[in-house]
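Chain by chain, the residues:
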Amino acid sequence: MGIAELLAFAFWYPVAMSFLWLAGGVYYYLRRERGKPLRDQPPRLDPAPPVSILVPCHNEGENVEETIAALLAQRYPDFEIVAINDGSTDDTGARLDALARSHPQVRAVHLDRNLGKANALRMGALASRSEYLVCIDGDALLDEYACHWLVWHLCSGPRVGAVTGNPRIRNRSTLLGKLQVGEFSSIIGMIKRAQRSYGRLFTISGVVSAFRKTALHHVGYWSDDMVTEDIDISWRLQMEHWDIRYEPNALAWILMPETLRGLWRQRLRWARGGVEVLLRHGVKLFTWRRRRMWGVLAEYLLSLLWAVVMLGIIVAWVIGMFSPLPPHWEHGGLMPGWHGVVLALVCLLQFAVSLVIDRRYEPRIGRYYYWMIWYPAAYWLLSFATTLAAVPVTLLKRRGQLAVWTSPDRGYR
């Protein structure tokens, strides 16, 4: 195979995936969103079951009071808030105790050392009083109707094991912040709609999700040695035939990195999580009983292949600058001209369609379309680099090592 064929795959793969996400996302919208009540008109729950809201925290002293205040404002009749202080070294514990004294719905659970988000969630689930759990990060703001929308799905069928919500970016003061507003709408939101249409989700959003405790108990709760506990629990639930759903009306306003270093660390962690679940669970999927996971597996394997092919193309291009390549590897340059134009146009089409759909949740989101002009190259290059970096880092990780908390870059507000 020559460089022309590799270039064709490298540039047509993103085009094909964009059309796949577009088709699935539009189908989801037409079937499940169009004509659906708005976020402030959730379907009736009669009776509304009690719900436990879990808030794992590590060094969230600056954010946790705002997060708990948003949870206390939930338009849901019966809920408790279980805040888990996982070995914080700041004043998180003291702030949680003060909140618990002021609000009878709040309970604080203190763990003596940092054992990671998965362990904190497990301790919170065991301490909770309800069958239905809503999980929210300690720096996120949950929309006042989100809890109702999430629980409605869990109540709609006995095999619904988890529901993922719709994260929205709070900090938008820099170019990286503005790009991520469009990314969460045009890439992440569209992918979740498409995967839900095709049958299985690659992952829930760990920052806002809901679970049936029975389903968690069935699969052994969250794994404390996986760097992305949300990807791992998503795969294990679906491998045991629990249904995972996506609810775009369940909004949560989150903080995201607005520095290149912070963004790199976050996306590398996401990429490592994908490699980890592939290594741990990939072989288990090659059974007819788990055939509905094959689409998710194929999509991820193709993304890994694409990263390897891109690496080969770049290496060949660099070598070609200093020495002649074999005739069947000769090419005019790294970028194949019109392929890149087609990719950019398809991506901009995807962005336009997704922003139109997302106007239901943010009426003025269309103003971020301008900034998305810069995103196609950034997204695919970042995916390429983090995927390649994640493979050796994951393979060299000591088996059984706990995935403990690290302080994230929360951007500028």
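Everything below is about the structure printed above this text.
Heads up: these notes are all about the structure in this document. Residue positions are given per chain, counted from 1 along the sequence in the order it is written. In view of the model being predicted, local features appear only for residues whose pLDDT reaches at least 70, and side-chain atom pairs are presented and counted only at 80 or more, with totals across whole chains, interfaces and linings using the full set of residues. Side-chain calculation: all heavy atoms of the structure are included, whereas hydrogens and water are not.

For the rest of this paragraph, the subject is the overall build of the chain. Every helix listed is a DSSP run of H or I at least four residues long, and every strand listed is a run of E at least two residues long, numbered separately from the N terminus. Across its full length, the chain carries 12 helices and eight strands. The rule is simple: take the accessible area with a 1.4 Å probe, protein chains only, and divide by the maximum for that residue type; under 20% is buried, over 50% is exposed, in between is partly exposed. Buried positions account for 57% of the 413 residues belonging to the chain. The contact rule is simple, with two residues in contact once any of their heavy atoms fall within 4.5 Å. Intrachain contacts of the chain at a sequence separation of at least 6 include 84% that bridge at least 24 residues.

Turning our eyes to something else, we now look at the packing of aromatic side chains. Two rings belonging to Phe, Tyr or Trp (six-membered ring only in the last case) form a pair when the distance between their centres is within 6.5 Å. Interplanar angles under 30 degrees mark stacking, angles over 60 mark edge-to-face geometry, and anything in between is tilted. Summed over the entire model, instances satisfying the criterion amount to nine aromatic pairs. Summarising the aromatic geometry, the rings of Y221 and W222 are spaced 6.5 Å apart at their centres and angled 40° between planes, so their arrangement reads as tilted. There is no split in this pair, since Y221 and W222 are both buried. Centre to centre, the rings of W288 and W294 are 5.9 Å apart; their planes meet at 70°, and the pair counts as edge-to-face. Residue classification places W288 among the exposed residues on the basis of a relative accessible area of 59%. Of the aromatic side chains, those joined through ring pairs into one cluster are F9, Y13 and W306. The criterion is that NZ of a Lys, or CZ of an Arg, lies within 6 Å of the ring centre and within 35 degrees of the ring normal, and then a charge sits over that ring. Above the ring of W242, the side-chain terminus of R159 is found at 4.0 Å from the ring centroid.

This brings us to the pairing of strand β6 (residues 160–169). The element β6 is largely enclosed, with a buried count of 10 among its 10 residues. Each pair of strands is called paired provided DSSP finds at least two bridges between the two strands. Of the strand pairs in this sheet, β6 and strand β8 (residues 243–254) are connected by eight bridges, and their pairing is parallel. For V160, the partnering residue across the bridge sits in β8 and is D243.

For each structure, a 1 Å grid was placed over the protein atoms alone; sets of points admitting a 1.4 Å probe that cannot get out are labelled cavities, open sets with protein on both sides within 12 Å along at least five of seven lines are labelled pockets, and lining residues have an atom within 4 Å of a point. Grid points are joined across faces, edges and corners, and a volume is the space filled by probe spheres set on the points. Throughout the structure, instances matching the rule amount to two cavities of 30 Å³ or more. Put simply, the largest cavity is a space of about 40 Å³. In terms of lining residues, the largest cavity is bounded by K117, L121, C135, I204, G206, S209, F211, W222, E229, D230 and I233. The set of elements that each furnish at least two residues to the lining of the largest cavity consists of α4 (117–127), β7 (208–212) and α8 (229–239). No other element matches α8, which puts three residues into the lining of the largest cavity.

Moving on: the packing of helix α2 (residues 64–72) against helix α3 (residues 92–102). Working convention: axes come from line fits to C-alpha atoms, limited for helices to the stretch in contact. Angles between N-to-C directions cover 0 to 180 degrees. Put simply, α2 and α3 touch, their axes get as near as 10 Å, and they point 30° apart. Considered as vectors, α2 and α3 are oriented roughly parallel to each other. The two elements α2 and α3 cross, and the hand of that crossing is right-handed. Residue-level inspection shows V64, E65 and I68 of α2 in contact with α3, the latter providing R95, L96 and L99. Orientation labels follow simple angle bins: below 35 degrees gives roughly parallel, above 145 gives roughly antiparallel, 65 to 115 gives roughly perpendicular, and whatever is left gives oblique. When the near helix sits turned anticlockwise from the far one by under a right angle, the crossing is termed left-handed; a clockwise turn instead gives a right-handed crossing.

What follows deals with unusual backbone geometry. That bond from D46 to P47 is cis: its omega, 0°, falls within 30 degrees of zero. Note on placement: P47 falls in the loop between α1 (3–33) and β1 (51–57). Phi at N59 is positive, roughly 55°, even though this residue is not glycine.

Right, let's talk about the pattern of salt bridges for a bit. We define a salt bridge as a side-chain nitrogen of Lys or Arg found within 4 Å of a carboxyl oxygen belonging to Asp or Glu. Summed over the entire model, instances satisfying the criterion amount to 23 salt bridges. Among the ionic pairs, E80 bridges to R107, the shortest N-O distance being 3.0 Å. Here E80, found in strand β2 (residues 79–86), pairs with R107, found in strand β3 (residues 106–111); they are 27 residues apart in sequence, far enough to count as distant. For R107, a relative accessible area of 22% gives the class partly exposed. Across the pair R245 and D243 runs a salt bridge, and its minimum N-O distance is 3.2 Å. The structure contains a network of salt bridges with shared partners spanning E33, R168, R172, R193, D358 and E362.

As used here, the term nonpolar core means buried Ala, Val, Leu, Ile, Met, Phe, Trp, Tyr and Cys residues forming a set that is joined through side-chain atoms within 4.5 Å. With 43 residues, the main nonpolar core has V51, I53, V55, V134 and I136 as its most contacted residues. Core analysis: the second largest hydrophobic core is formed by 25 residues, L6, L22, M190 and W306 among them.

This paragraph deals with the sheet that holds β8. Pairing between the strands of a sheet comes from backbone hydrogen bonds, and it takes one of two forms, parallel or antiparallel. Spatial strand order, β3-β2-β1-β4-β7-β6-β8-β5: eight strands in an open sheet with mixed pairing. Edge positions in the open sheet fall to β3 and β5 (141–142), since each of these has one partner strand only. For β6 and β7, the ladder comprises three bridges, and the chain directions are antiparallel. In the strand pairing of β7, V163 is matched with A210.

This part takes up the environment of G25. The topology assignment puts G25 in helix α1. Sequence spacing of G25 and Y198 is 173 residues, and the spatial spacing of their C-alpha atoms is 9.8 Å. Leaving out residues up to four positions away in the same chain, G25 has contacts with M190, R193, A194 and I357.

Relative to the elements of secondary structure, T92 occurs in helix α3. Dropping the residues within four chain positions of it, T92 is found in contact with C57, N59, E60, G61 and N85.

Bringing the packing of helix α6 (residues 175–198) against helix α9 (residues 260–281) into the picture now. Helix-helix packing is characterised by the crossing angle of the two axes and by the distance between the axes. One can describe the packing of α6 onto α9 by two numbers: an axis separation of 12 Å at closest approach and a directional angle of 25°. On the basis of the axis angle, α6 is roughly parallel to α9. Considering how the two elements wind past one another, α6 and α9 form a crossing that is right-handed. Residues L176, Q180, E183, F184 and I188 of α6 form the contact with α9, whose own contacting residues are L260, L263, Q266, R267 and W270. Its residues assigned to classes, the contact of α6 with α9 shows six nonpolar, two polar and two charged. We call Asp, Glu, Lys and Arg charged. Ala, Val, Leu, Ile, Met, Phe, Trp, Tyr, Cys and Pro are nonpolar, and the rest, Gly among them, are polar.

Such coordinate-based values are descriptive only and should not be taken to indicate function.
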